[in-house]
Amino acid sequence: MIEKLQQLNEKLLTTCDLSDQKKYQLIKQLLTDKQCFFKMNIKTAYAILRDLGFQENELQDTYMALIDIKNL
């Protein structure tokens, strides 16, 4: 699952405006740690998922999949 987020972020990083590059660089750095979602609060996790293009109705299921120990 984290690999999908890394791919989405790479795509956004190459197509974003200069003003958004810093944000996507930071997300890229965070996503290098496969356990990053275990280390951040839910508000931050949801904000990252929104930045990566997930819709509100997808946030909870996606977040739950990311913190599911089976998916590590």
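What comes next concerns the included structure. (Residues numbered from 1 in each chain as written. Predicted model: local features only at pLDDT ≥ 70, side-chain atom pairs only at ≥ 80, totals over all residues. Heavy atoms only, no water.)

**Focus: the overall build of the protein chain**
Each helix and strand counted, the protein chain has five helices and zero strands in total. Starting at the N terminus and ending at the C terminus, the protein chain contains elements arranged as α-α-α-α-α. Over its C-alpha atoms the protein chain spans a radius of gyration of 12 Å, differing by no more than 12% from the 11 Å that the globule rule assigns to 72 residues. Taken along the three principal axes of its C-alpha coordinates, the protein chain extends 35 × 25 × 20 Å. (Helix = DSSP H or I, 4+ residues; strand = E, 2+ residues; numbered from the N terminus. Rg over C-alpha atoms; globule rule 2.2 N^0.38 Å.)

**Some details on the packing of helix H4 (residues 42–51) against helix H5 (residues 56–66)**
Contact geometry for H4 and H5: axes closest at 10 Å, N-to-C directions at 120°. Handedness of the crossing formed by H4 with H5: right-handed. Contacts between H4 and H5 pair Ile-42, Ala-45, Tyr-46, Leu-49 and Arg-50 from the former with Glu-56, Leu-59, Gln-60, Thr-62, Tyr-63 and Leu-66 from the latter. Its residues placed into classes, the contact of H4 with H5 shows seven nonpolar, two polar and two charged. (Axes fitted to C-alpha atoms, helices over the stretch in contact; angles between N-to-C directions. Left-handed = near helix turned anticlockwise from the far one by under 90°. Contact = heavy atoms within 4.5 Å. Nonpolar A, V, L, I, M, F, W, Y, C, P; charged D, E, K, R; others polar.)

**Examining the pattern of salt bridges**
As enumerated under the stated definition, the model contains six salt bridges in all. Between Glu-3 and Lys-34 there is a salt bridge whose closest N-O contact spans 2.8 Å. One end of the pair, Glu-3, is in helix H1 (residues 2–15); the other, Lys-34, is in the loop between helix H2 (18–31) and helix H3 (36–39), with 31 residues separating them in the sequence. Classification of Glu-3 as partly exposed rests on a relative accessible area of 36%. Glu-10 is the salt-bridge partner of Lys-28, the closest N and O atoms lying 3.1 Å from each other. Here the residue Lys-28 occupies a position in helix H2, and Glu-10 occupies one in helix H1, the gap between them amounting to 18 residues. (Salt bridge = Lys/Arg side-chain N within 4 Å of Asp/Glu carboxyl O. Buried < 20%, exposed > 50% of the residue type's maximum accessible area, 1.4 Å probe, protein only.)

**Describing the nonpolar core**
By size, the foremost hydrophobic cluster in this structure holds 19 residues, and its most contacted members are Leu-5, Leu-31, Phe-37, Leu-49 and Leu-52. At the level of elements, H1, H2, H3, H4 and H5 are the ones that each hand at least two residues to this core. Once residues lying within four places of it in the same chain are set aside, the contact partners of Leu-31 are Ile-2, Leu-5, Gln-6, Asn-9, Cys-36, Phe-37 and Leu-52. (Core = buried A, V, L, I, M, F, W, Y, C linked by side-chain atoms within 4.5 Å.)

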